[in-house]
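# Close look at the chain arrangement
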Amino acid sequence: LPSAPSSQAPLVIRACGQQWLWRYEYPDGTYSYYELVVPVDTAVVLKLCSTDVVHRWWVPGLSGKFDATPGTSNQAWFKADQEGIYDGASYAFSGASYAVMRTRVRVVDVPTYQSWLEQQAADIQEAQTFVQQANGETG
């Protein structure tokens, strides 16, 4: 398993593959699907998991190919030195729709990352409140 550089504490994100998408869980409890947003010049450790079959996380330009296997822990790490968009895919046959299992890493400056986290958390809270209210009105 690769180990992250030790010059600073890495950002640890759980990357969980499931047929047929990636879910990213951030340290503050925020999550996203498909797109992983990270700050530039920061070591990022991905704790890889799978809910069903073997998925292979690969984003060319950022890292090698790493397997997410049910019941097994694995990790990958990368550090982007340039802001930008990096596209990737699963690259392991995981069922009929594996070809559409894409991912994107958006590398941004630190203030943009902090703003994104705050907005993502607010959006998730708003969605949960909406669902709770909708369920209350129909139940």
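Coordinates for the structure precede this section.
Counting of residues starts from 1 at the beginning of each chain's written sequence and follows it residue by residue. Local features in this predicted model are restricted to residues of pLDDT 70 or higher, and side-chain atom pairs are both shown and tallied only at a pLDDT of 80 or more, whereas totals for entire chains, interfaces and linings draw on every residue. Water and hydrogen atoms play no part in the side-chain values, which are based on all heavy atoms of the structure.

## Comments concerning the overall build of the chain
Cut-off, in case you're wondering: Secondary structure follows DSSP: runs of H or I at least 4 residues long count as helices, runs of E at least 2 residues long count as strands, and numbering of each begins at the N terminus. Here's how the labels work: a residue is buried when its accessible area is under 20% of the maximum for its type, exposed when over 50%, partly exposed in between, all with a 1.4 Å probe on protein chains only. Only the protein chains shown count as cover for residues, and the accessible areas themselves come from Shrake-Rupley with a 1.4 Å probe.
Regarding its fold elements, the chain presents one helix and 10 strands. From first element to last, N terminus to C terminus, the chain shows the α and β order β-β-β-β-β-β-β-β-β-β-α. A buried classification covers 38% of the 139 residues belonging to the chain. Taken as a whole, the chain presents about 7600 Å² of accessible surface, with 51% of it coming from carbon and sulfur.

## Some words on the sheet that holds strand β3 (residues 31-33)
What counts, and what does not: At least two DSSP bridges between two strands are needed for those strands to be called paired. Fitted lines through C-alpha atoms give the axes, limited to the stretch in contact for helices. The angle between two N-to-C directions lies from 0 to 180 degrees.
Sheet architecture is open: five strands sit in the order β3-β2-β1-β5-β8, paired in mixed fashion. Only two strands of the sheet have a single partner each, and these edge strands are β3 and β8 (74-79). In this sheet, neighbouring strand axes are inclined to one another by 25 degrees on average, regardless of whether the strands run parallel or antiparallel. Across three bridges, the pairing between strand β2 (residues 21-25) and β3 is antiparallel.

## Here's the deal with the environment of Val 40
Relative to the helices and strands, Val 40 is located in the loop between β4 (35-39) and β5 (43-50). Using a relative accessible area of 16% as the deciding quantity, one classes Val 40 as buried. The sequence separation of Val 40 and Asp 81 amounts to 41 residues, and the corresponding C-alpha distance is 5.8 Å.

## Digging into the sheet that holds strand β9 (residues 84-89)
Reading across the sheet, the three strands line up as β4-β10-β9 and stay open at both edges, with mixed pairing between neighbours. The strands lining the two open edges of the sheet, one partner per strand, are β4 and β9. Between one strand and the next, the sheet's axes are offset by a mean angle of 20 degrees, whatever the strand orientation. Here β9 pairs with strand β10 (residues 102-108) via six bridges, running antiparallel. Bridge pairing links Tyr 86 to Val 105 in β10.

## Regarding the pairing of β5
For β5, a buried count of seven out of eight residues is recorded, marking the element as mostly surrounded by other parts of the structure. Here six bridges tie β5 to β8, and the two strands are oriented antiparallel to one another. Of the residues in β8, the one forming a bridge with Ala 43 is Lys 79.

## Quick look at a nonpolar patch on the surface
Our working definition: The residues that make up patches have over 30% relative accessible area and no salt bridge, and they are joined within 9 Å when like-charged or within 5 Å when they are Val, Leu, Ile, Met, Phe, Trp or Tyr. A side-chain nitrogen of Lys or Arg and a carboxyl oxygen of Asp or Glu constitute a salt bridge if their distance falls within 4 Å.
Where nonpolar side chains cluster on the molecular surface, the patch consists of Leu 21, Tyr 33 and Tyr 34 and spans about 260 Å² of accessible area. Relative to the elements of secondary structure, Tyr 34 occurs in the loop between β3 and β4.

## Here's the deal with the side chain of Thr 30
Definition in use: When checking whether two residues touch, look at their non-hydrogen atoms; a contact exists if any pair is within 4.5 Å.
Mapped onto the fold, Thr 30 is located in the loop between β2 and β3. Ignoring sequence-local partners within four residues, the contact set of Thr 30 consists of Tyr 24, Glu 25, Leu 117, Gln 120, Ala 121 and Ile 124.

## Remarks on the side chain of Ser 50
Let me state the cut-off plainly: In the analysis that follows, any N or O atom pair within 3.5 Å is treated as a polar contact, provided that within protein one partner can donate a hydrogen and the other can accept it, and provided that, for residues neighboring in sequence, both atoms belong to side chains.
Summarising the element assignment, Ser 50 is placed in strand β5. Judged by its relative accessible area of 11%, Ser 50 falls in the buried class. Side-chain polar atoms of Ser 50 contact the backbone nitrogen of Asp 52, separated by 3.2 Å. Within the structure, the side chain of Ser 50 is placed 2.4 Å from the backbone oxygen of Val 53, a separation counted as a polar contact.

Geometric descriptors of this kind do not, in isolation, establish any biological role.
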